[in-house]
Amino acid sequence: MKKKWYLHGILMLTVILLIFSGLKTYKSIAKQNSRITVYLAGDSTVANYTSNRAPRAGWGQMLPQMFDEQIIVKNEAVPGRSTKSFINEGRLRRILKQIHKGDYLLIQFGHNDEKSYDLSRYTDPATSYQRFLKEYIDGARNKGAIPILVTPVERKNFSIDGKALSTHGQYPDAMKEVGRMENVPVIDLTSKSMALYQQLGPEKTKELFLFLDAGEHPNYPGGVQDPVHFQEKGAREIAKLVAEGIAGLNLPLQKNILKNGGY
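Nothing here was measured: the structure is a model prediction, and the numbers come from that model.

Concerning the packing of helix α5 (residues 128-142) against helix α6 (residues 171-182)
Packing of α5 against α6 brings their axes to within 10 Å, and their N-to-C directions diverge by 40 degrees. Looking at the two axes, α5 sits oblique to α6. Relative to α6, α5 is oriented so that their crossing is right-handed. Here Tyr129, Gln130, Leu133, Lys134, Ile137 and Arg141 of α5 lie close against α6, whose contacting residues are Tyr171, Ala174, Met175, Glu177, Val178, Met181 and Glu182. By residue class, the composition of the contact of α5 with α6 is 8 nonpolar, 1 polar and 4 charged.

What follows is the structure, encoded as structure tokens:
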């Protein structure tokens, strides 16, 4: 009789353990399935860089640090691309094959759209730039995803008297106009970054960009003076501005921003 009850107890314990294990597995799968992906389409100021380019970094490389574990960041930005060339190379099409309902697409272009000497990349801010931006918007929306426009981050440029200057001409306003016309949220990273540079001043702003003396870093033995691309510190500061911008858009994504993200 005791043996029978003992075996019965073992059986019940095994069943309970199996149910508990299955419940944990179910919760784990459900948690994974509930994760949201934030896709990034952009240029060299957004892109990821390998260790042999360090300390160069794009703000998209640092953006995962701003979110909790429910967010996956897929940085599809590529150096040298414009709204036009990114599409013509099939890069938007690849994003749209992967993106799902409830995901996000952050779109930052402008640096290379401005290059009028290169017809493979140049777009006119009043016409083709806006038309190409609409392709990103329509593509995301057709998949049930949420597009967010991000005006191009500013380059380092100061007047003689230390005033931060704009370098993107009509492109930021053209993007904001598309946002208004298409009812798409916009992060004005152009203004946010310029305000940051103004606060820091010409010399301190160098610490954000890829300014290195000869011999300071093995990847740049001769030194480098780059007013466009960021060091890791600068990329992180710009990523904080992007997170700050997301927090101000009143989108579900804002609840996934870490409060210690620094914004």
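A word on the sheet that holds strand β4 (residues 104-108)
Strands belonging to one sheet form pairs held by backbone hydrogen bonds; the direction of such a pair is parallel or antiparallel. Spatially, 5 strands are ordered β3-β1-β4-β5-β6 in an open sheet, and the strand pairing comes out parallel. One side of each edge strand has no neighbouring strand; the edge strands of this open sheet are β3 (71-75) and β6 (186-187). Relative to the sheet, helix α4 (residues 91-98) contacts β1 (36-42), β3 and β4, its axis offset from that of β1 by approximately 175 degrees. With respect to the sheet, α5 is in contact with β1, β4 and β5 (146-150), its orientation differing from that of β5 by roughly 155 degrees.

Regarding the packing of aromatic side chains
Two aromatic rings, taken as a pair, are described by how far apart their centres are and by the angle between their planes. Enumeration according to the criterion identifies 6 aromatic pairs in this entry. Between phenylalanine 109 and tyrosine 136, the aromatic rings sit 5.5 Å apart at their centres with planes inclined by 45 degrees, giving tilted as the arrangement. With phenylalanine 109 in the loop between β4 and α5 and tyrosine 136 in helix α5, the pair connects residues that are 27 residues apart, well separated along the chain. For the pair shown, phenylalanine 109 and tyrosine 136 are each scored as buried.

A closer look at unusual backbone geometry
The omega torsion of the bond from alanine 54 to proline 55 falls at 5 degrees, within 30 degrees of zero and hence cis. Look at asparagine 183: it is not a glycine, yet its phi comes out positive at around 55 degrees. Here asparagine 183 shows up in the loop between α6 and β6.

Brief notes about the sheet that holds strand β8 (residues 224-231)
Across the sheet, which stays open at both edges, the 3 strands sit in the order β2-β8-β7 with antiparallel pairing between neighbours. One side of each edge strand has no neighbouring strand; the edge strands of this open sheet are β2 (56-57) and β7 (209-212).

Focus: the environment of proline 147
Relative to the assigned elements, proline 147 resides in strand β5. For proline 147, a relative accessible area of 4% gives the class buried. Spatially, the C-alpha atoms of proline 147 and valine 38 are 9.8 Å apart, while their sequence positions differ by 109 residues. Beyond its immediate sequence surroundings of up to four residues, proline 147 is in contact with Leu105, Ile107, Ile137, Ala140, Arg141, Val184 and Pro185.

Some words on the side chain of threonine 37
In this structure, threonine 37 sits in strand β1. In this view, threonine 37 contacts Ile72, Lys74, Asp103 and Tyr104; residues no more than four positions away in its chain are not counted.

About the cut-offs
Residues numbered from 1 in each chain as written. Predicted model: local features only at pLDDT ≥ 70, side-chain atom pairs only at ≥ 80, totals over all residues. Heavy atoms only, no water. Axes fitted to C-alpha atoms, helices over the stretch in contact; angles between N-to-C directions. Helix = DSSP H or I, 4+ residues; strand = E, 2+ residues; numbered from the N terminus. Parallel < 35°, antiparallel > 145°, perpendicular 65-115°, else oblique. Left-handed = near helix turned anticlockwise from the far one by under 90°. Contact = heavy atoms within 4.5 Å. Nonpolar A, V, L, I, M, F, W, Y, C, P; charged D, E, K, R; others polar. Pairing = 2+ DSSP bridges. Phe/Tyr/Trp six-rings, centres within 6.5 Å; stacked < 30°, edge-to-face > 60°. Buried < 20%, exposed > 50% of the residue type's maximum accessible area, 1.4 Å probe, protein only.

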